[in-house]
Structure formats: structure tokens, C-alpha cells
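What follows is each chain in one-letter form.
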Amino acid sequence: MEKLSDITLSIEAKLNKLIQHLENVVNENEALKSKILQQQTQQNELLEKHIELQKQYEDLKIANSLMGSEDFKKETKLKINSLVREIDHCIAQLTLYND
């Protein structure tokens, strides 16, 4: 009978160790999920900042070329032409809407 009692105690001890290990793994998993979410948020913020800085850079190139710099004149002309086409398209849409 003592052997059965020893086996039961051994099983209980091992089961308690497994439960403790499971709790540790679950806690670690939750911490990692939280860290992933934090990293994704930070990545999105950096991406938005990058896009904004890229836009500012493009605006500065255009302003620089308008001030007489030869470096970005071609790009500025292309941007202006693109804007003119957009305006023409809007005018055409308004004309269709008014008719």
C-alpha cells in the first residue's frame, strides 16, 4: 500500500510542476503578445512619420526648384502638370454634373 501512496504523491508532485510550468508559459505568452502589439503600434507610428517626412521632402524639393534651383526643375514641372490634369479632370466632372 505504501508503494501506491508513494506513486500517488509522485504523480501529484509532477502534476503540480506541470501546472506551474503551464502557468509560466501562459504568462510569458501574454507578455510576448503585449510586446508584439506594442512593437506593431510603434512600427505604425514610425511608418506614418516616414510618410509625413517623405511628403515634406517632396514639398521642399518643389519649393527649392521654384526658388530657382536647377536640381529639381523637371520634377516640379511634372508635379505641376499632374496638378493641372487633376484640375482639368475636376472641371470636366463639374461640367458633366451641371449639364
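Rules used in this analysis
- Residues take numbers from 1 onward in each chain, read along the sequence in its written order.
- Per-residue local features of the predicted model are confined to residues with pLDDT of at least 70, and side-chain atom pairs are confined, for both listing and counting, to 80 or more; whole-chain, interface and lining totals are unaffected and use all residues.
- Side-chain measures were taken over the full set of non-hydrogen atoms in the model, leaving aside hydrogen atoms and water.
- What makes a salt bridge here is a side-chain nitrogen of Lys or Arg within 4 Å of a carboxyl oxygen of Asp or Glu, nothing more.
- Helix and strand assignments come from DSSP, with helices taken as H or I runs of at least 4 residues and strands as E runs of at least 2, each series counted from the N terminus.
- Buried residues are those whose accessible area, probed at 1.4 Å on protein chains only, stays under 20% of the maximum for their type, while exposed residues exceed 50% and partly exposed ones sit between those limits.
- Patches in this entry comprise residues that are over 30% relatively accessible and not in a salt bridge; like charges within 9 Å are linked, as are nonpolar side chains (Val, Leu, Ile, Met, Phe, Trp, Tyr) within 5 Å.
- All accessible-area figures derive from a Shrake-Rupley calculation using a 1.4 Å probe, and residue coverage is judged against the displayed protein chains alone.

**A short note on the pattern of salt bridges**
- On inspection of all chains with the given rule, the structure shows two salt bridges.
- Between D59 and K55 there is a salt bridge; the shortest N-O distance is 3.2 Å. Residue D59 and its partner K55 are located together in helix α1 (residues 2–66), separated by four residues, close to a single helical turn.
- The class of K55 is partly exposed, set by a relative accessible area of 48%.
- Linking E58 and K61 is a salt bridge whose minimum nitrogen-to-oxygen distance equals 3.5 Å. Of the two residues, E58 and K61 are both situated in helix α1; the distance of three residues between them amounts to about one turn of the helix.
- When its relative accessible area of 10% is taken as the criterion, K61 is described as buried.

**Examining a nonpolar patch on the surface**
- Judged by side-chain polarity, L15, L18 and I19 come together as a nonpolar surface patch covering roughly 290 Å² of accessible area.
- Position of I19 relative to the elements: it lies in helix α1.

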